[in-house]
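Next come the chains, spelled out residue by residue.
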Amino acid sequence: MITLASDFGSPYPAAMKGVISRRTDARMLDVAHDLPRGDPRAGAFWLRFVLPEFPPAVHCAVVDPGVGTDRAALVVRAGEHAIVAPDNGLAIPAARELAAGTAPEAEVEHNPIEVFEIEVESPASATFHGRDVFAPMAAEVHEAGVDELHTMDRLSHTQEFVDIAFPQPSIDRNAAEEPIAVEGEVLVVDTFGNVVTNVPGEVLRDRDTVEVNGERVKVRDTFGEVDRGEKLVTVGSHGYVECDVNDGRGDERFRLSPRQRVQLAFE
Amino acid sequence: MITLASDFGSPYPAAMKGVISRRTDARMLDVAHDLPRGDPRAGAFWLRFVLPEFPPAVHCAVVDPGVGTDRAALVVRAGEHAIVAPDNGLAIPAARELAAGTAPEAEVEHNPIEVFEIEVESPASATFHGRDVFAPMAAEVHEAGVDELHTMDRLSHTQEFVDIAFPQPSIDRNAAEEPIAVEGEVLVVDTFGNVVTNVPGEVLRDRDTVEVNGERVKVRDTFGEVDRGEKLVTVGSHGYVECDVNDGRGDERFRLSPRQRVQLAFE
Amino acid sequence: MITLASDFGSPYPAAMKGVISRRTDARMLDVAHDLPRGDPRAGAFWLRFVLPEFPPAVHCAVVDPGVGTDRAALVVRAGEHAIVAPDNGLAIPAARELAAGTAPEAEVEHNPIEVFEIEVESPASATFHGRDVFAPMAAEVHEAGVDELHTMDRLSHTQEFVDIAFPQPSIDRNAAEEPIAVEGEVLVVDTFGNVVTNVPGEVLRDRDTVEVNGERVKVRDTFGEVDRGEKLVTVGSHGYVECDVNDGRGDERFRLSPRQRVQLAFE
């Protein structure tokens, strides 16, 4: 199986699928082609969220603001999975997760990912490496098998690659170890305007309300527990604190966008 | 075959596909993931329109404003098809159609759908039952076979489920049984702004014009028969009266949105 | 393999997939369903860009502003490929490319495409030939095989079909044969606002800047070579000159839309 993820919109990914289907009968599944444009950190977040749900597969992921520059192209092995991606960090958090197991908050003590650099043949295009570099390599890796990466002519093992670290929130706790104030950051905003922060969901445990940047908001398990159009703070399916609106856009109502600060305070 | 339909946008449905592909090799086809958000009635309309085109399959459909509340999760059997969906009516009109045959206006005298409630294990997430409840069950039903629903441990047959009835228009007819005035309602607005009403297309038979909420509009078989930017009233591919604009948005030009009244009058 | 392309948005293409999967187990891949609405020329551009990447396949392509009129429905054979499409030119540039080879600028001396008209049975719908005419025929052609088009009952060979010629730019050159002024036209604007012209990329060779409709703009190989929000002129992956903005919309910033004139001047 080959999964595809990109910020290419439409119809560019179809060219990648054509290229792949000339080389392999592998099944193809789309992860998304509307990943936040040119933002490898946001792409890395979504890949880490989605890829661990899949059985062993080759994942072709392209969010590549540096296309055409001298950034390297990589194949990252994580257990029985391989991710083919530009060297900008996009693949790394998902690869670590795939290597370690699927729990979002798992501590990764040992990091068995292996990174290979692709020797890129002079490509037909300076602007569409998805079609000309990453898709053909994904097909090649699929045909060779993930265990054969070290034998593939155009791959060379490397210790140097761009990493992405998601920012960590700072959490103040009281004497009972309950969180009382959190300084976090917006990681991504999803299709529906839900604002996903980097704050672990456990800070909301047993709370009925929270102050978000100074404004008191209800803490609820589900959208259905507040009125339509009402704000809520909840724990999303990725395990992080989200700032949402039932049947509305959290990003607009909370005035929050990626990389902005989010201060949470509890009474 | 497993079809997927939701209002999840992107990339959430990919997590469902990962979950399914860990459990079965079944082919997956997307129906849509931009169904009107949080609106089971509109979702039910589109499922009833699309699903009867498919050969026997398991359909995983999630438009679920009540996620995380105590609404039940269902498997609905309709002939050789099964629909896995929340208990909010979403699956029922399509299931009846699948059970009865594919004609949009078929009278369903006998209703052989069977409804099973899913015993939901404590889920990993309160907000993403698509991934945690419906997708795994769709894979399980696919593997077991639609004939085995009554033998599956986590399913129990039920007579109680939420139904959705599409509103019926009221049609006044003259002595010759020709419609002269219709009081209908907007069911859905499609991607392009075409306004789909609940009025059966036959009321337009042999008509050249119709008054829509007091304004005279041409009745035509196809968009191409009016000028670009001109309004028309036509019969859509689902068999209902549509208020459209050639190369424009009917919803904006007719100022109509779902659940609004539409009065049609003929001379 | 059957590919699908249309301007149908969602969820209409799913009805086509249902129809196809009742008739064949062929794999289906989406090219795009957000092709520019009602614009066969733009659709023809994208099909010519994408389809040559695919191995031999049946391509079902529907951008059909004339649906319901008496425009013919076609199967176009191009080598081992077949394109099922309305007779409005949509399929022809891609078919020629598929017949001639994949190089975007290949001169097509010999044109071996073969065109067959579909005898359309009275369809269920005047507005959804994608479901009622093109999808079933794509499935039928896939099952029969591209070599059997001349034996299929409902197909008759024809020499008459609507062609689409992309406009050619006029290029003034100096004594050294270097381009000094080009009068071109916008072919399409892609999802991200990149403005694709009909001017071949070679005119930018060895140039550092170009005047676009009177304004001097940098010529660069990649987006990454200008600042975020800055304009650039580059050669897209289709081989044509593009007017783009790094992390922004070229169509808005250059105030260009399809069919508008683009004048390029070099010092």
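Quantities reported herein were computed from a predicted structural model and do not represent experimental measurements.

Quick notes on the rules
- Residues numbered from 1 in each chain as written.
- Chains lettered and ligands numbered in written order.
- Predicted model: local features only at pLDDT ≥ 70, side-chain atom pairs only at ≥ 80, totals over all residues.
- Pairing = 2+ DSSP bridges.
- Helix = DSSP H or I, 4+ residues; strand = E, 2+ residues; numbered from the N terminus.
- Axes fitted to C-alpha atoms, helices over the stretch in contact; angles between N-to-C directions.
- Contact = placed C-beta atoms within 7 Å.
- Least-squares fit on C-alpha atoms with pLDDT ≥ 70 in both.
- Nonpolar A, V, L, I, M, F, W, Y, C, P; charged D, E, K, R; others polar.
- Core = buried A, V, L, I, M, F, W, Y, C linked by C-beta atoms within 7 Å.
- Buried ≥ 20, exposed ≤ 12 C-beta atoms within 10 Å, placed from the backbone.
- Left-handed = near helix turned anticlockwise from the far one by under 90°.
- Parallel < 35°, antiparallel > 145°, perpendicular 65-115°, else oblique.

**Some details on the sheet that holds strand 6 (residues 114–118) of chain C**
Residue and element names in this part refer to chain C.
Piece 1. Taken together, 7 strands build an open sheet; the order of strands is 2-1-3-5-4-6-7 and the sheet is mixed. Because the sheet does not close on itself, it has two edges, and the strands there are strand 2 (28–32) and strand 7 (155–158). Ignoring strand direction, the axes of neighbouring strands in this sheet form an average angle of 25°.
Piece 2. Sheet topology places strand 4 (residues 73–78) next to strand 6; 4 bridges connect them, and they run antiparallel. Residue pairing for strand 6: R77 is matched across the bridge by E114.
Piece 3. Contacts from helix 1 (residues 12–23) reach strand 1 (2–6) and strand 2 within the one sheet, and its direction differs from that of strand 1 by about 155°.
Piece 4. Against the sheet, helix 3 (residues 92–100) contacts strand 4 and strand 5 (81–86), and its axis sits at roughly 20° relative to strand 4.

**Concerning the pairing of strand 2 (residues 28–32) of chain A**
Piece 1. Note that strand 1 (residues 2–6) of chain A and strand 2 of chain A share 4 bridges and pair parallel. Counted as the bridge partner of I2 of chain A is M28 of chain A from strand 2 of chain A.

**Structural notes on the environment of T191 of chain A**
Piece 1. Of note, T191 of chain A is situated in the loop between strand 9 (179–189) and strand 10 (195–200).
Piece 2. Separated by 155 residues in the primary sequence, T191 of chain A and P36 of chain A have C-alpha atoms spaced 9.9 Å apart.
Piece 3. When neighbours within four sequence positions are excluded, T191 of chain A is seen to be in contact with G9 and S10 of chain B.

**Section: the relation of the copies chain A and chain B**
Piece 1. Under the fitted operation, chain A is carried onto chain B by 0.0 Å of movement along the axis and a turn of 120°, and the coordinates agree to an RMSD of 0.0 Å. Taken together, the rotation angle and the small translation identify this as a three-fold axis. By C-alpha distance to the rotation axis, the residue of chain A lying nearest is R27 of chain A, at 5.3 Å.

**A few points about the interface of chain C and chain B**
Piece 1. At the junction of the two partners, chain C supplies 22 residues and chain B supplies 22 residues.
Piece 2. The element best represented in the side of chain C that touches chain B is helix 1 of chain C, accounting for 7 residues.
Piece 3. Of the residues in the side of chain C that touches chain B, the class split is 8 nonpolar, 10 polar and 4 charged.

**Focus on the nonpolar core**
Side chains of a nonpolar character, in soluble globular proteins, are inclined to be buried together.
Piece 1. In this structure, V76 of chain A, V76 of chain B together with V76 of chain C are the most contacted members of the largest nonpolar core, which totals 243 residues.
Piece 2. The residues contacting V76 of chain A, other than those within four sequence positions of it, are A82, I83, A85, A91, I92, A95, I113 and V115 of chain A.

**Examining the packing of helix 1 of chain C against helix 4 (residues 129–144) of chain C**
Residues and elements named next belong to chain C.
Piece 1. Closest axis-to-axis distance for the helix 1/helix 4 pair is 9 Å, and the angle between their directions is 35°. At the point where helix 1 passes helix 4, the crossing takes the right-handed sense. Between helix 1 and helix 4, the residues in contact are Y12, A15, M16, V19, I20 and R23 and G130, R131, A135, P136, A138, A139, E140 and E143, respectively.
Piece 2. Residue composition of the contact of helix 1 with helix 4, grouped by class: 9 nonpolar, 1 polar and 4 charged.

**A word on the sheet that holds strand 4 (residues 73–78) of chain A**
All names here are of chain A.
Piece 1. As summarised here, the arrangement of the 7 strands in space is 2-1-3-5-4-6-7, forming an open sheet in which the pairing is mixed. With one partner strand each, in any of the chains shown, strand 2 and strand 7 (155–158) form the two edges of the open sheet. Neighbour-to-neighbour, the strand axes of the sheet open up by a mean angle of 25°, direction not taken into account.
Piece 2. This element, helix 1 (residues 12–23), spans strand 1 and strand 2 of the sheet and lies at about 155° to strand 1.
Piece 3. Across the face of the sheet, helix 4 (residues 129–144) comes into contact with strand 1, strand 3 (58–62), strand 4, strand 5 (81–86) and strand 6 (114–118) while running at roughly 170° to strand 3.

**Concerning unusual backbone geometry**
Piece 1. For the peptide bond that leads from S10 of chain A to P11 of chain A, omega is 5°, which places it in the cis range.
Piece 2. Looking at where P11 of chain A falls in the secondary structure, it is placed in the loop between strand 1 and helix 1.
Piece 3. For D206 of chain C, which is not glycine, the phi dihedral falls at a positive 65°.
Piece 4. The topology assignment puts D206 of chain C in the loop between strand 10 (195–200) and strand 11 (209–212).

**A closer look at helix 3 of chain C**
Piece 1. For helix 3 of chain C, every residue scored as buried is listed here: I92, P93, A94, A95, E97 and L98 of chain C.
Piece 2. Residues of helix 3 of chain C that are buried sit in contact with helix 2 (40–50), strand 4 and strand 5 of chain C.

**A look at the packing of helix 2 (residues 40–50) of chain A against helix 3 (residues 92–100) of chain A**
Residue and element names in this part refer to chain A.
Piece 1. As a packed pair, helix 2 and helix 3 sit with axes 7 Å apart at the nearest point and diverge in direction by 20°. Accordingly, the angle class assigned to the pair helix 2 and helix 3 is roughly parallel. Every pair of crossing elements has a handedness; the one defined by helix 2 and helix 3 is right-handed. Contacts between helix 2 and helix 3 pair A44, L47 and R48 from the former with I92, P93, A94 and E97 from the latter.

So far we have only geometry, and geometry alone does not tell us how the molecule works.
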